[in-house]
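Architecture and fold: a report
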Amino acid sequence: MIYLSSEVETLPKLDELTPRQIVEELDKYVVGQTAAKRAVAIALRNRIRRQKLPPDLAQDIIPKNILMIGPTGVGKTEIARRLARLSNSPFLKVEASKFTEVGYVGRDVESMIRDLVDVAVDMVRAEKMQEVADKAEQNAEERLLDLLLPSGRKRKTRRQTLSDFLEDEESEPTLLEEGTDFEQLQRTREKLRQLLREGKLNNRIVEIEVRERFFPGRFEIITSQGVEEMDIAIQELIPGLFGPGRTKKRKMRVDEAMEYLIQEEEQKLIDMEQVARIALERVEQSGIIFLDEIDKIAGRESGHGPDVSREGVQRDLLPIIEGTTVSTRYGTVRTDHILFIAAGAFHVTKPSDLIPELQGRFPIRVELDPLTVEDFKRILTEPKNSLIKQYTALLATEGVTLEFTPDAIDAIAQFAYAVNEQTENIGARRLHTIMEKVLEDISFEAPDLKEKHQRIDAEYVRRKLIGIVQNQDLSRYIL
């Protein structure tokens, strides 16, 4: 259906993206579904418009949450995910069916806000690490040179560098007496620096002090609001037990030591309090939560069985979507301006089966169209990382060149559409099973093939699939 791209793209700034440009960006990864793309493009643009308003007016403008209705495999999830990447917003995909009503064993709905904050913290931390990467590498290099040149450590306590030494006027007599030795030390250090950068010292063993790490354990804490899962580091729980900054000596290769020291220097250079503040603000102002499988909690109380908590989960979702304060380990978060995009197939239920209050929280409803044969053809070839491109690249690593003829692509699309019609409609995900079956023999024999150029035409596709597709009982299990 939709595929992740490893390419680094240069996109316009968010505030420069018009709704039309947003749709054009989504078109690179999602085929069709224009109505859904327009809806999310407007929602994203409204966020940009809101940021330009006076604060007293902006706080009263809430996002218009979206409900996507359509069968599985037509692009609901990928539209939301691509939108989040486009806007560089914290994004979380959760299944509504994993939550339970307060009082039942399971996860409460507030946990998705805490998970979203964790995502935002990781995003901001990664950005900060990029900013300090060069400085951290320089600091790590200096520390490693101190280890490789022990005689320089005592000197360094008195004189950090030759330039600092020369700037100190009071050191002139010492310089005349020990200048030759100090210069030689600096030359040796620079030679080691060059060898280190060229990787010629990687196999040498050095001994460094490493901080003992206490890996967090997972606990379930029962509160008045239900069962909550928390990650608690034992060192944070009982700080006096282990003592501050406990370290131990460890021997490792130079390249491993360099990697460890860079990580340690990055942690020193990053202000985690600032990271947490930025992350909380980013969640509040631009967070996106994709609430999948919302049709699984649709339905009214029946008084028995698993349906007992369905309406309860819907009621618990109401304050989160409407706007409330949620406590996280980084601070409190207001959910007023988080954009919620809900999606469901609604095969058995319908949107009107949701409680009226929850229906009102999703004013924009978009119906996604089932995929046609033409859509399947476009999905196979148009997206940046389409299935055809993926399989071609995979087999190219074995020296095998795949060539798909236009009639082969037509045949694959027709078979995928036919199987979806005859059995369960799983949308574009059907293409994965079809392609795997078509290329099964080539994938298995690729390393041993003498003929490295493999041409896939319509006849080849039919020969691989016709027997399975005609036998409906067999196609239910294989395709």
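Below or above, wherever it landed, is the structure these notes cover. (Residues numbered from 1 in each chain as written. Predicted model: local features only at pLDDT ≥ 70, side-chain atom pairs only at ≥ 80, totals over all residues. Heavy atoms only, no water.)

**Structural notes on the side chain of D295**
- Tracing the backbone shows D295 in the loop between β7 (288-292) and α13 (310-322).
- Overall, the relative accessible area of 8% leaves D295 in the buried class.
- Here F346 takes part through its backbone nitrogen, which lies 3.3 Å from a polar atom of the side chain of D295.
- For D295, the residues in contact, after removing those within four places along its chain, are A343, G344, A345, F346 and T349. (Helix = DSSP H or I, 4+ residues; strand = E, 2+ residues; numbered from the N terminus. Buried < 20%, exposed > 50% of the residue type's maximum accessible area, 1.4 Å probe, protein only. Polar contact = N/O pair within 3.5 Å; in protein donor to acceptor, adjacent residues only side chain to side chain. Contact = heavy atoms within 4.5 Å.)

**Description of helix α15 (residues 373-381)**
- What α15 keeps buried is the set D375, F376, K377, I379 and L380.
- Contacts made by the buried residues of α15 are with α16 (387-396), α17 (406-422) and α18 (430-438).

**Comments concerning the packing of α17 against α18**
- Across the interface, α17 lies against α18 with an axial gap of 10 Å and an inter-helix angle of 125°. Here α18 runs oblique to α17, going by the angle between their axes. Every pair of crossing elements has a handedness; the one defined by α17 and α18 is right-handed. Only R430, L431, I434 and M435 of α18 make contact with α17, whose side of the interface consists of I412, F415, A416, V419 and N420. (Axes fitted to C-alpha atoms, helices over the stretch in contact; angles between N-to-C directions. Parallel < 35°, antiparallel > 145°, perpendicular 65-115°, else oblique. Left-handed = near helix turned anticlockwise from the far one by under 90°.)

**Describing a nonpolar patch on the surface**
- A cluster of nonpolar residues, L53, L57 and I61, forms a patch on the protein surface that exposes about 210 Å² of accessible area.
- Structurally, the position occupied by L53 is in the loop between α2 (34-51) and α3 (55-58).
- Here L53 falls in the partly exposed class, since its relative accessible area comes to 31%. (Patch = residues over 30% accessible without salt bridge, like charges linked within 9 Å, V, L, I, M, F, W, Y side chains within 5 Å. Areas by Shrake-Rupley, 256 points an atom, 1.4 Å probe, with all protein chains shown as cover. Salt bridge = Lys/Arg side-chain N within 4 Å of Asp/Glu carboxyl O.)

**Details of the pattern of salt bridges**
- The final tally for this structure, using the stated rule, is 35 salt bridges.
- With a closest N to O distance of 3.6 Å, R329 and D118 form a salt bridge. Taken together, the positions of R329 in the loop between β8 (325-328) and β9 (331-334) and D118 in helix α5 (residues 111-148) put the pair 211 residues apart, joining distant regions of the chain.
- Relative accessible area serves as the criterion here: at 23%, D118 is assigned to the partly exposed category.
- Put simply, E141, E142, D146, R189, E190, R193 and R197 are held in one network by salt bridges that share partners.

**What about the sheet that holds strand β10 (residues 339-344)?**
- Taken together, 5 strands build an open sheet; the order of strands is β2-β7-β10-β1-β11 and the sheet is parallel. Edge positions in the sheet fall to β2 (91-95) and β11 (364-367), since each has one partner strand and no second. On average, each strand axis in the sheet is inclined to that of its neighbour by 20°, with strand direction left out of account.
- Summarising the sheet, β7 and β10 pair through 4 bridges and their orientation is parallel. Its bridge partner being in β10, I288 is matched across the sheet by L339.
- Running at roughly 150° to β2, α5 makes contact with β2, β7 and β10 of the sheet. (Pairing = 2+ DSSP bridges.)

**Remarks on unusual backbone geometry**
- Even without being a glycine, Q33 presents a positive backbone phi close to 55°.
- Counting through the fold element by element, Q33 comes out in the loop between α1 (19-27) and α2.
- At N88, a residue that is not glycine, the phi angle is positive and equals roughly 55°.
- Secondary-structure assignment places N88 in the loop between α4 (76-87) and β2.

**Here we look at the pairing of β8**
- By the alternation rule, side chains of β8 split into V326 and T328, which are all buried, and T325 and S327, of which none is buried.
- Bridge count between β8 and β9: 4 bridges; the pairing is antiparallel. Paired with T328 across the two strands is G331, which belongs to β9.
- The loop that links β8 with its antiparallel partner β9 comprises 2 residues.

**Let's talk about the packing of aromatic side chains**
- Taken as a whole and assessed by the stated rule, the structure comprises 0 aromatic pairs.
- Sitting above the plane of the Y29 ring, R82 keeps its charged end 3.7 Å from the centroid. (Phe/Tyr/Trp six-rings, centres within 6.5 Å; stacked < 30°, edge-to-face > 60°. Lys NZ or Arg CZ within 6 Å of the ring centre and 35° of its normal.)

**Description of the nonpolar core**
- Of all hydrophobic cores here, the largest spans 61 residues; its most connected members are M68, I341, F404, M435, L439, I456 and V461.
- Ranked by the residues each element gives to this core, the list is headed by α17, at 7 residues.
- With near-sequence residues (within four places) excluded, I341 lies in contact with V40, I66, M68, A80, L83, I288, I289, F290 and L291.
- In this structure, A120, V283, A298 and L358 belong to the second largest nonpolar core, which totals 40 residues. (Core = buried A, V, L, I, M, F, W, Y, C linked by side-chain atoms within 4.5 Å.)

**Here we look at the packing of α1 against α4**
- Where α1 meets α4, the axes come as close as 10 Å, and the angle between the chain directions of the two elements is 120°. Classified by the angle between their axes, α1 and α4 sit oblique to one another. As α1 packs across α4, the resulting crossing turns out to be right-handed. Packed against α1, whose contacting residues are I22, E25 and L26, the element α4 presents I79, R82, L83 and L86 at the interface.
- Among the residues making up the contact of α1 with α4, the classes are represented as 5 nonpolar, no polar and 2 charged. (Nonpolar A, V, L, I, M, F, W, Y, C, P; charged D, E, K, R; others polar.)

**Topic: the environment of N202**
- By secondary structure assignment, the location of N202 is in the loop between α8 (172-198) and β3 (205-211).
- Overall, N202 belongs to the partly exposed group, its relative accessible area being 24%.
- Distance from N202 to M252, taken between C-alpha atoms, is 10.0 Å for residues 50 residues apart in sequence.
- Setting aside anything within four residues of it in sequence, one finds N202 in contact with R253, V254 and D255.

**Description of α5**
- With 38 residues, α5 should reach 56 Å at 1.5 Å per residue; the first-to-last C-alpha distance of 48 Å falls well below that figure.
- At V132, α5 shows its largest kink, close to 55°. (Expected span 1.5 Å × (residues − 1). Bend = angle between axes of the 7 residues up to and from the residue.)

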